[in-house]
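# Architecture at a glance
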Amino acid sequence: MQRILQFFLPCLLCAAGATGAAEPQKPNILLFYADDLGYGELGCYGFQEVPTPHIDSIAANGIRFTGGYVSAPLCSPSRAGLMTGRYQQRFGHENNPAWLPDSTVAGLPLSQTTLPQAMKTAGYVTGCVGKWHLGAHPQFHPNRRGFDEYFGLLGGGHIYLPGAAGGVEYNIPMNRNGQDEPLTEYLTDVLGREASAFVKRHAGEPWFLYLAFNAPHTPLQVTDKQLDRVKHISDETRRNYGGLVVGLDDAVGEVLTTLGESGQEANTLVWFFSDNGGPVSVSHSDNTPLRGAKGNVFEGGIRVPFLVSWPGRLPAGATVDAPAMNIDLFPTVLRLAGLELPDDRIVDGRDLWGVMSGEQPAPPHEALLFFDDKVIDGARSGQWKYYRYVDRYYWPVPLDKPNSLAGRRLEGYTYKDERTGRELRLYADHPMLYDVALDPGEAYNLAARQPEVSARMLGYIERWEQDWIKNPRGWK
């Protein structure tokens, strides 16, 4: 923590001089993070099967991104990118860590500066409510990673109904600042109430609240009240999933109502994301009109509902088509808090204020990069999305990076398994190129027709990869 303060406090002290009169006042930050919410689930994106009026109100009062992405198609890596503003490949957090309370390596590495750690140096009270999933050992606990207050579930999932069936990780007690508490009511309702209490408790001081729901992630446990509002859905699995979405929307509504009633709405920047796309085959979630699902880097796995509002500061009912990513929240929020980025590491996120406010509408990224845990790398630049196949099944995983699938050495275009000596070559003969502005379902591969575009897109991946090999941890 001392090292963090060394590079953030000087920035804070000079922030007043570096900020012009036109800069917005330092806002509260309210971040909603849904779990496994498909792109085709919200009314504000044109889908009406499941009622989501409260989440839709964020779009009505602010901005809806049509090209909003997350940095990984899985729960924990997505959160690692969000918390650090960096591609999680830089610190070996590319997969979901197992529930290992005794492991000091199965979690977000302590070398990484988190968003709440930074916000605290600007005088913010920091709170986390809900799903953590960034390590089970006490050293990874939210209170040790920058959050003043925590209440929620430390693992990757949890039962919703007290006494319901679930595995070991899903039946652990709730945790409040390091102390166990039993779950006594419906989980999503509890999380909404806890977040509302935080908002009321800290009225009058700048705060950052990360409300990370586990809804609508499995298990598909819902109440009769929720099911009654989606009873028109004939498929039972999807009906239960829809009930989880309804519960999520109700909890969001409770927090937004508290924000308004406490007089803080005008000075609060509200974000809403999903951590990845919907797992279609598991929960019958809907990623329409996108191809793919949770676990892969096709559009349905990583393009997500992506909303932001700040009444009076950002336009209401606006749409932004420029590609953006959850890692962009880190530099955007730091800038609004009067902080500069850390100067000892590469931050991959970009400040979105210009594109959100309309002051600088140019896309903030030249290219966004995607890596799944199977066989595909991808990049998006402008309207284009490109993929290449890679043989990763034999990659060695180093013992000090149990969450990583990147334990390989690149030698030209050949990956080498250092345990067996086997050389693994890229499948360069299977490139895929899509115009996702016109073809979001990725049905028409244009790689053969657009060789120059394909070469340019492949170049983004190769340059980043070479940089990663030379500087795997991204230190400056």
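What counts and what doesn't
- Residues numbered from 1 in each chain as written.
- Predicted model: local features only at pLDDT ≥ 70, side-chain atom pairs only at ≥ 80, totals over all residues.
- Heavy atoms only, no water.
- Buried < 20%, exposed > 50% of the residue type's maximum accessible area, 1.4 Å probe, protein only.
- Helix = DSSP H or I, 4+ residues; strand = E, 2+ residues; numbered from the N terminus.
- Pairing = 2+ DSSP bridges.
- Phe/Tyr/Trp six-rings, centres within 6.5 Å; stacked < 30°, edge-to-face > 60°.
- Lys NZ or Arg CZ within 6 Å of the ring centre and 35° of its normal.
- Salt bridge = Lys/Arg side-chain N within 4 Å of Asp/Glu carboxyl O.
- Axes fitted to C-alpha atoms, helices over the stretch in contact; angles between N-to-C directions.
- Parallel < 35°, antiparallel > 145°, perpendicular 65-115°, else oblique.
- Left-handed = near helix turned anticlockwise from the far one by under 90°.
- Contact = heavy atoms within 4.5 Å.
- pLDDT = per-residue confidence, 0-100.
- Expected span 1.5 Å × (residues − 1).
- Polar contact = N/O pair within 3.5 Å; in protein donor to acceptor, adjacent residues only side chain to side chain.
- Nonpolar A, V, L, I, M, F, W, Y, C, P; charged D, E, K, R; others polar.

## Side note on the pairing of strand S14 (residues 376-381)
- Buried residues dominate S14, accounting for six of its six residues.
- Residue alternation in S14 divides its side chains into two sets, Ile376, Gly378 and Arg380 and Asp377, Ala379 and Ser381, and both sets are buried.
- The pairing of strand S13 (residues 368-371) with S14 spans four bridges and is antiparallel. The residue bridging Phe370 from the neighbouring strand is Gly378, located in S14.
- Bridge analysis of S14 against strand S15 (residues 384-389) gives six bridges, and the strand direction is antiparallel. Bridged to Asp377 within S15 is Arg388.
- Here S14 hands over to S15 after two residues, with Gly382 in that stretch at a positive phi of 60°.

## Brief notes about the packing of aromatic side chains
- Taken as a whole and judged by the stated rule, the model has 19 aromatic pairs.
- Members of the aromatic cluster, connected to one another through ring pairs, are Tyr33, Phe65, Trp132, Phe147, Phe208, Tyr210, Trp271, Phe273 and Phe306.
- Here the guanidinium or amino end of Lys385 rests over the ring plane of Phe370, the centre of that ring lying 5.1 Å away.

## Notes on the pattern of salt bridges
- All told, the structure shown has 20 salt bridges when counted by the stated rule.
- For Arg79, the salt bridge identified is with Asp275, shortest N-O distance 2.7 Å. With Arg79 in helix H4 (residues 75-84) and Asp275 in the loop between strand S9 (268-274) and helix H9 (280-283), the pair connects residues that are 196 residues apart, well separated along the chain. Of the two residues, Arg79 and Asp275, neither departs from the other in class, the shared state being buried.
- Asp344 is paired through a salt bridge with Arg345; the nearest N and O atoms lie 2.9 Å apart.
- Residue classification places Asp344 among the buried residues on the basis of a relative accessible area of 13%.
- Taking the relative accessible area as the measure of exposure, Arg345 reaches 3% and is therefore buried.
- Salt bridges here are not isolated pairs; linked through shared partners, they connect Glu299, Arg303, Lys385 and Glu442.

## Quick notes on the packing of helix H6 (residues 187-201) against helix H8 (residues 236-261)
- Closest axis-to-axis distance for the H6/H8 pair is 9 Å, and the angle between their directions is 15°. Compared by their axis directions, H6 and H8 come out roughly parallel. As H6 packs across H8, the resulting crossing turns out to be right-handed. Residues Thr188, Asp189, Gly192, Arg193, Ala195, Ser196, Val199 and Lys200 of H6 touch H8, and the partners they reach there are Gly247, Leu248, Ala251, Glu254, Val255, Thr258 and Leu259.

## Things to note about the confidence of the model for the chain
- Chain-level pLDDT for the chain is 87 on average; 86% of the residues reach the 70-or-more range.
- Scored below 50 in pLDDT, residues 1-23 shows 29 contacts in the model against residues more than four places distant or in partner chains.
- The low-confidence segment residues 424-428, where pLDDT is below 50, has 16 contacts with residues more than four positions distant or belonging to other chains.

## Looking at H8
- For H8, built from 26 residues, the straight-helix expectation of 38 Å at 1.5 Å per residue is met to within 8% by its first-to-last C-alpha distance of 37 Å.
- One side-chain oxygen at the N-terminal end of H8 lies 3.0 Å from the backbone nitrogen of Thr237; it belongs to Asp235.

## Considering the packing of helix H3 (residues 53-60) against H8
- One way to put it is that H3 packs onto H8 with a least axis distance of 7 Å and a crossing angle of 55°. It follows from the interaxial angle that H3 and H8 lie oblique. Residues Pro53, His54, Ile55, Ser57 and Ile58 of H3 lie in contact with H8, whose contacting residues are Leu248, Asp249, Asp250, Val252, Gly253 and Leu256.
- Along the lines of polarity and charge, the residues of the contact of H3 with H8 split into six nonpolar, three polar and two charged.

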